[in-house]
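Residue-level structure breakdown
Here is how the chains run, residue by residue.
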Amino acid sequence: MRKEINLYDDNTLIDVLIRYKPKLLKIAEGVLHSRVQSEDIFHDAVLKACTMRSSCVRCPVGYACRMVYNLALDEARKRSYERLNMTPVDGMESIPAPSVSALDCLVTAETLWEVLSSLNNLPKRTQDAFVRHRIDGIPQKDIAEELGVSRTLVNFMIRDGHRACQQTLSAA
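Conventions used here
- Residues numbered from 1 in each chain as written.
- Predicted model: local features only at pLDDT ≥ 70, side-chain atom pairs only at ≥ 80, totals over all residues.
- Heavy atoms only, no water.
- Salt bridge = Lys/Arg side-chain N within 4 Å of Asp/Glu carboxyl O.
- Helix = DSSP H or I, 4+ residues; strand = E, 2+ residues; numbered from the N terminus.
- Buried < 20%, exposed > 50% of the residue type's maximum accessible area, 1.4 Å probe, protein only.
- pLDDT = per-residue confidence, 0-100.
- Contact = heavy atoms within 4.5 Å.
- Patch = residues over 30% accessible without salt bridge, like charges linked within 9 Å, V, L, I, M, F, W, Y side chains within 5 Å.
- Areas by Shrake-Rupley, 256 points an atom, 1.4 Å probe, with all protein chains shown as cover.
- Axes fitted to C-alpha atoms, helices over the stretch in contact; angles between N-to-C directions.
- Parallel < 35°, antiparallel > 145°, perpendicular 65-115°, else oblique.
- Left-handed = near helix turned anticlockwise from the far one by under 90°.

**Notes on the pattern of salt bridges**
Considering all chains together, one arrives at eight salt bridges under this definition. R19 is the partner of D15 in a salt bridge, and the nearest nitrogen-oxygen pair spans 2.6 Å. Placement of the pair is D15 and R19 together in helix α1 (residues 12–19), with a separation of four residues, close to one helical turn. Given a relative accessible area of 41%, R19 falls into the partly exposed group. D160 is the salt-bridge partner of R159, the closest N and O atoms lying 3.3 Å from each other. Owing to a relative accessible area of 32%, R159 belongs among the partly exposed residues under this scheme.

If you want it as structure tokens, here you go:
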């Protein structure tokens, strides 16, 4: 009787992954429909198992199967998303260039001037807080410290600036 040698005595999960490699590859291939990608998923599972404590796993075979299946499913979803949302480089010339008319530019410029004008009608401190937060991206807590006011007051100033812009845009 031949005794099996466990090369990874300290990690049962890695031993199970190696022992059941053909079965795990079939699981991944059933999801991905690609032998090459299935091999990649298997290797990812082995790497993940290297960072885990296998003593917490009650059923290493079931856990390995589920781990490979989930990794394959994640990869399939990622590739599906990329296929749907990414345009290949060779198809770039088929994307129409945005056409902007002179009238659109004029209307946009006039609207922007009206919004800026409405901000100028606000108190200087409110205008400053709004611009620094919304345009410069400075956190409200930093603006409050610099102005020496509460965070709540800064929030209200930003809200007032937002409302002024909204009213101007809805009137335009």
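**A few points about the confidence of the model for the protein**
Mean pLDDT over the protein: 85, with 90% of residues reaching 70 or higher. Helix α5 (residues 102–120) is the least confidently modelled element of the protein, averaging 85 in pLDDT, while helix α2 (residues 21–32) averages 94, the highest of any element. Scored below 50 in pLDDT, residues 1–8 shows five contacts in the model against residues more than four places distant or in partner chains.

**Focus: a nonpolar patch on the surface**
Residues L103, L106 and V107 make up a contiguous nonpolar surface patch of about 290 Å² in total accessible area. Relative to the helices and strands, V107 is located in helix α5. Given a relative accessible area of 44%, V107 falls into the partly exposed group.

**Some points on the packing of α2 against helix α3 (residues 35–50)**
At a minimum axis separation of 8 Å, α2 and α3 run at an interaxial angle of 120°. As judged from the angle between their axes, α2 and α3 are oblique. Two packed elements cross with a definite hand, and for α2 against α3 that hand is right-handed. Across the interface between the two elements, K21, L24, L25, A28, E29 and L32 from α2 touch R35, Q37, S38, E39, I41 and F42 from α3.

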